[in-house]
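Residues per chain, in single letters:
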Amino acid sequence: PDARMQRVLTDAVAIGNATARAIAFRPRSETIWYYGKESSWFSAFDGGDYRWLIDDGNGGRNKDARTLFFYIATVNTPAMVLKMVGMGSQYALSVTDSKRRYLDGSKTYRLIIPANVPAKDFWSLVVYDPQTRSMLQTSQAYPSKNNERNRDMVTNSDGSTTLWFGP
């Protein structure tokens with residue numbers, strides 16, 4: 001490409017990235033939220049279809065949902081969206097705090113995992129870098145906690161577990 005086309009393509013990449021980033025980190029969908037729009041927790045699979053089809057394809061494809069997923073992840077399978085009570089996996093995301101401010105790596109955050117989490121085998125929380133969309137690079141072996149690998153976590157008197165994240 002000549003110089004003009006290189007500028008056009010460079011601008012297009014920046015605009016496409018900014019658009020996908022906005023869709024992924026500030027979703028507008030009414031159906032994506034686990035606990036309503038007042039919550040920060042949302043699903044990676046808006047619409048519950050790994051193909052992102054609306055009304056099994058009769059309504060087209062939910063391109064915003066597909067863009068969101070593939071901006072934050074690299075692969076999907078049908079099993080990732082199955083509602084298999086007692087087994088299987090469910091994925092919840094949060095990119096903001098309780099006041100809807102973007103999470104900031106220079107601040108400290110608290111997350112309380114309630115007692116008796118409805119997880120048959122385990123629960124896990126992983127921290128990702130919003131720039132690289134990869135696991136956060138830290139001095140710890142893993143940027144995550146889960147109730148299997150981290151059996152030394154202290155359980156509160158009510159059965160909940162408090163996790164702290166920060167610099």
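Described below are features of the structure shown in this document.

1. Some thoughts on helix 1 (residues 3-25)
Thought 1: Under the 1.5 Å per step criterion, the end-to-end length of helix 1 is 33 Å for 23 residues, consistent within 8% with the ideal 33 Å.
Thought 2: Restricting attention to buried positions, one finds in helix 1 the residues Ala 20, Ile 23, Ala 24 and Phe 25.
Thought 3: Lining the buried residues of helix 1 we find strand 1 (42-43) and helix 2 (63-72).
Thought 4: Its side-chain oxygen placed 3.3 Å from the backbone nitrogen of Arg 4, Asp 2 serves as the N-cap of helix 1.

2. Quick look at the pattern of salt bridges
Working definition: two side chains of opposite charge can pair if their charged atoms are close together.
Thought 1: Enumeration according to the criterion identifies seven salt bridges in this entry.
Thought 2: Note that Arg 28 and Asp 64 form a salt bridge whose closest N and O atoms lie 3.2 Å from each other. Of this pair, Arg 28 sits in the loop between helix 1 and strand 1 while Asp 64 is found in helix 2, placing the two residues 36 residues apart along the sequence.
Thought 3: What makes Arg 28 exposed here is its relative accessible area of 64%.
Thought 4: The salt bridge involving Asp 56 is made with Arg 51; its shortest N-O contact spans 3.2 Å.
Thought 5: Taking the relative accessible area as the measure of exposure, Arg 51 reaches 32% and is therefore partly exposed.
Thought 6: A network of salt bridges, in which partner residues are shared, links Asp 49, Arg 51 and Asp 56.

3. Overview of the nonpolar core
Thought 1: One finds Ala 20, Ile 23, Ala 24, Phe 25, Ile 32, Trp 33, Phe 42, Leu 68, Tyr 71 and Val 95 forming the largest nonpolar core, which totals ten residues.
Thought 2: Taken together, the elements giving at least two residues each to this core come down to helix 1 and helix 2.
Thought 3: Ranked by residues supplied to this core, first place goes to helix 1 with four residues.
Thought 4: Apart from the residues within four sequence positions on either side, Tyr 71 is in contact with Asn 17, Ala 20, Arg 21, Ala 24, Phe 25 and Arg 133.
Thought 5: In this structure, Ala 44, Phe 69, Met 80 and Val 81 belong to the second largest nonpolar core, which totals seven residues.

4. Re helix 2
Thought 1: Among all positions of helix 2, only Ala 65, Leu 68, Phe 69 and Tyr 71 are buried. For helix 2, the arc enclosing every buried residue in end-on projection is 165°, short of the 170-degree limit, so these residues lie on one face.
Thought 2: The inward-facing, buried residues of helix 2 abut helix 1 and strand 1.
Thought 3: The N-capping residue of helix 2, defined by a side-chain oxygen 3.3 Å from the backbone nitrogen of Asp 64, is Asn 62.

Procedures and definitions
- Residues numbered from 1 in each chain as written.
- Predicted model: local features only at pLDDT ≥ 70, side-chain atom pairs only at ≥ 80, totals over all residues.
- Heavy atoms only, no water.
- Helix = DSSP H or I, 4+ residues; strand = E, 2+ residues; numbered from the N terminus.
- Expected span 1.5 Å × (residues − 1).
- Buried < 20%, exposed > 50% of the residue type's maximum accessible area, 1.4 Å probe, protein only.
- Contact = heavy atoms within 4.5 Å.
- Polar contact = N/O pair within 3.5 Å; in protein donor to acceptor, adjacent residues only side chain to side chain.
- Salt bridge = Lys/Arg side-chain N within 4 Å of Asp/Glu carboxyl O.
- Core = buried A, V, L, I, M, F, W, Y, C linked by side-chain atoms within 4.5 Å.
- Arc of directions from axis to C-beta.

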